[in-house]
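Take a look at the letters that make up each chain.
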Amino acid sequence: MDLAYIPSPSTGVIDLGPIPLRGYAFCIIIGVFVAVWFGNKRWIARGGRSGTVADIAVWAVPFGLVGGRLYHVITDYQLYFSDGENWVDAFKIWQGGLGIWGAIALGAVGAWIGCRRRGIPLPAWADALAPGIAFAQAIGRWGNWFNQELYGKPTDLPWALKISEGPNRVAGTYHPTFLYESLWCVGVALLVIWADRRFKLGHGRAFALYVAAYCTGRAWIEYMRVDEAHHILGLRLNVWTAVIVFVLAVTYIVISAKVRPGREEVVEPGAVEATGTAEGAETTETAEDATEDAEDADSGPAADGDGDVRRDDEARAPGKNGTAEAAKHA
């Protein structure tokens, strides 16, 4: 008898009248919001304009969703195109099934289009968004909890995940790989934030660090999963993908650091010009105020040697006593 375990929700859908509210979709939406919000803060800190991250995300997010779904359907085609399966289910994204590898790859294409339209470098934008993407993945993984999917091997540990009987699953307690990956992604985000502050990463190296760190965790978490997957040389396909992408990310970091050291000084030229114009206007106003103050001081009341203030006409004209004395001598 298990004394402690993580319960699974009885359902992943709440029907609000005719509208179904799906936990998986909510996790994805909240993750995207967090990624854009946090990426915007980092972009502004790098010298960019507020709203630029969201404008480019309008391109990146749809491309990413399509890419993530394509990767899942292609690598798990037997779930949709084998005998007895309905190929229409390939379009039911709300039932789960987004491959992060396809989401990042095709999402990068959408981001590239958005960056070109705004005239900003894609690597700088990716660096700003990197930890936000990791946080988004941490939140999105809870969608698997709502759907009771992608769990690990059976276990009786206190933090085991209890799975109920259902299609293609057997009731029992299993390793909560969704939770492992969620916590790992939070750690990856914090690592990228720290490294970026410590080493001033630029030219896409913060994003590459995120990719390499995520792949490291995904490899061992993937090894624990028991869901059906294709194998190559005894390893799951996603493990090989993680290894290859990790090598590419580390190679990029090493080469980029040698070819383009340091960090971009300007990430959004329009933002710098706007800031410079505002600062110039403020400086001009300050100079004009100073000039006006000086003119007021020159035209103000004069002071004698003892510090007594007297009017200018009194200082220039002789007093009544002086006039009387002059009359006596005359």
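Computed from a predicted structure; not experimentally measured. (Residues numbered from 1 in each chain as written. Predicted model: local features only at pLDDT ≥ 70, side-chain atom pairs only at ≥ 80, totals over all residues. Heavy atoms only, no water.)

Colleague: Explanation requested: the packing of helix α5 (residues 122-140) against helix α8 (residues 205-224) in the structure shown.
Modeller: Packed helix pairs are characterised by how far apart their axes lie and by the angle those axes make with each other. Interaxial distance between α5 and α8 falls to 7 Å at its minimum, and their mutual angle equals 25°. With respect to their mutual orientation, α5 and α8 come out roughly parallel. Note that α5 runs across α8; the crossing there is left-handed. Listed contacts from α8 to Ala126, Asp127, Ala130, Ile133, Ala134 and Gln137 of α5 are Arg205, Ala206, Phe207, Tyr210 and Tyr214. Taken together, the residues of the contact of α5 with α8 break down into eight nonpolar, one polar and two charged. (Axes fitted to C-alpha atoms, helices over the stretch in contact; angles between N-to-C directions. Helix = DSSP H or I, 4+ residues; strand = E, 2+ residues; numbered from the N terminus. Parallel < 35°, antiparallel > 145°, perpendicular 65-115°, else oblique. Left-handed = near helix turned anticlockwise from the far one by under 90°. Contact = heavy atoms within 4.5 Å. Nonpolar A, V, L, I, M, F, W, Y, C, P; charged D, E, K, R; others polar.)

Colleague: In this structure, what is going on with the layout of surface pockets? I would like to understand it.
Modeller: Space left empty within the atom packing is revealed by a probe, the size of a water molecule, rolled over the atoms. Each pocket or cavity is described by its volume, and for the second largest pocket that value is around 240 Å³. Looking at the second largest pocket, the residues that line it are Phe38, Lys41, Arg42, Ala45, Arg46, Ile193, Asp196, Arg197, Lys200 and Arg263. Secondary structure elements with two or more residues in the lining of the second largest pocket: α1 (23-45) and α7 (177-199). Per-class residue counts for the lining of the second largest pocket are three nonpolar, no polar and seven charged. (1 Å grid on protein atoms, 1.4 Å probe; cavity = no way out; pocket = protein on both sides within 12 Å on 5 of 7 lines; lining within 4 Å. Points joined across faces, edges and corners; volume = space filled by probe spheres on them.)

Colleague: Sorry, what's going on with the packing of aromatic side chains here?
Modeller: Two numbers describe a pair of aromatic rings. These are the distance of the centres and the angle of the planes. Summed over all chains, the structure comprises twelve aromatic pairs. Geometrically, the ring pair formed by Tyr180 and Trp220 is tilted, given 6.4 Å between the ring centres and 35° between the ring planes. Here Tyr180, found in helix α7, pairs with Trp220, found in helix α8; they are 40 residues apart in sequence, far enough to count as distant. Members of the aromatic cluster, each reached through a chain of ring pairs, are Trp142, Trp145, Phe146 and Phe178. (Phe/Tyr/Trp six-rings, centres within 6.5 Å; stacked < 30°, edge-to-face > 60°.)

Colleague: Would you mind going over the pattern of salt bridges with me for this structure?
Modeller: Side chains that differ in sign of charge can pair as their charged atoms come close. Per the stated rule, a full pass over the model turns up 13 salt bridges. Close ionic contact of Glu181 with Arg141 constitutes a salt bridge, the shortest N to O distance being 3.1 Å. Of this pair, Glu181 sits in helix α7 while Arg141 sits in the loop between α5 and α6 (142-147), placing them 40 residues apart in sequence. Glu181 is the salt-bridge partner of Arg218, the closest N and O atoms lying 3.9 Å from each other. Of the two residues, Arg218 sits in helix α8 while Glu181 sits in helix α7, which places them 37 residues apart along the sequence. Here Arg218 and Glu181 have matching classes, each one buried. Each of the salt bridges in this network shares a partner with another, and the network as a whole consists of Arg141, Glu181, Arg218, Glu222, Arg225, Asp227 and Arg236. (Salt bridge = Lys/Arg side-chain N within 4 Å of Asp/Glu carboxyl O. Buried < 20%, exposed > 50% of the residue type's maximum accessible area, 1.4 Å probe, protein only.)

Colleague: Where do I start with the environment of Ala213 in this structure?
Modeller: Mapped onto the secondary structure, Ala213 falls in helix α8. A relative accessible area of 11% means that Ala213 is categorised as buried. Separated by 37 residues in sequence, Ala213 and Val250 place their C-alpha atoms 9.6 Å apart.

Colleague: Got a minute to help me understand unusual backbone geometry in this structure?
Modeller: Residues apart from glycine generally show negative phi values, whereas peptide bonds are mostly found in trans. Positive phi, close to 55°, is recorded for His203, a residue that is not glycine. Within the secondary structure, His203 is located in the loop between α7 and α8. On the basis of relative accessibility, which here comes to 10%, the residue His203 falls in the buried class. With a phi close to 55°, Leu233 is a non-glycine residue in the positive phi region. Turning to its location among the elements, Leu233 is positioned in the loop between β5 (231-232) and β6 (235-236).

Colleague: Explain the confidence of the model for the protein chain to me, please; I cannot follow it from the model alone.
Modeller: Where the model shows low pLDDT, its predicted coordinates should not be examined in detail. Of the residues in the protein chain, 81% have a pLDDT of 70 or more, and the chain-wide mean is 83. Every residue in residues 275-288 is under pLDDT 50, and counting partners more than four places away or in other chains gives zero contacts. In the predicted structure, residues 299-330 sits below a pLDDT of 50 and forms eleven contacts with residues beyond four places in sequence or in another chain. (pLDDT = per-residue confidence, 0-100.)

Colleague: What am I meant to see in the environment of Pro9 here?
Modeller: Along the chain, the position of Pro9 falls in the segment before β1 (13-16). As for Pro9 and Lys162, which are separated by 153 residues in sequence, their C-alpha atoms are 9.6 Å apart. Once residues within four sequence positions are removed from consideration, Pro9 is found in contact with Trp145, Phe146 and Gln148.

Colleague: Even after reading the chapter, I still don't get α5, so can you show me in this structure?
Modeller: For an α-helix the count is 3.6 residues per turn, leaving residues at separations of three or four pointing the same way. Roughly 45° is the biggest bend found in α5, and it falls at Leu129, with proline Pro131 one to four residues downstream. Counting buried residues in α5 gives 16 out of 19 residues, a clear majority hidden from the surface. (Bend = angle between axes of the 7 residues up to and from the residue.)

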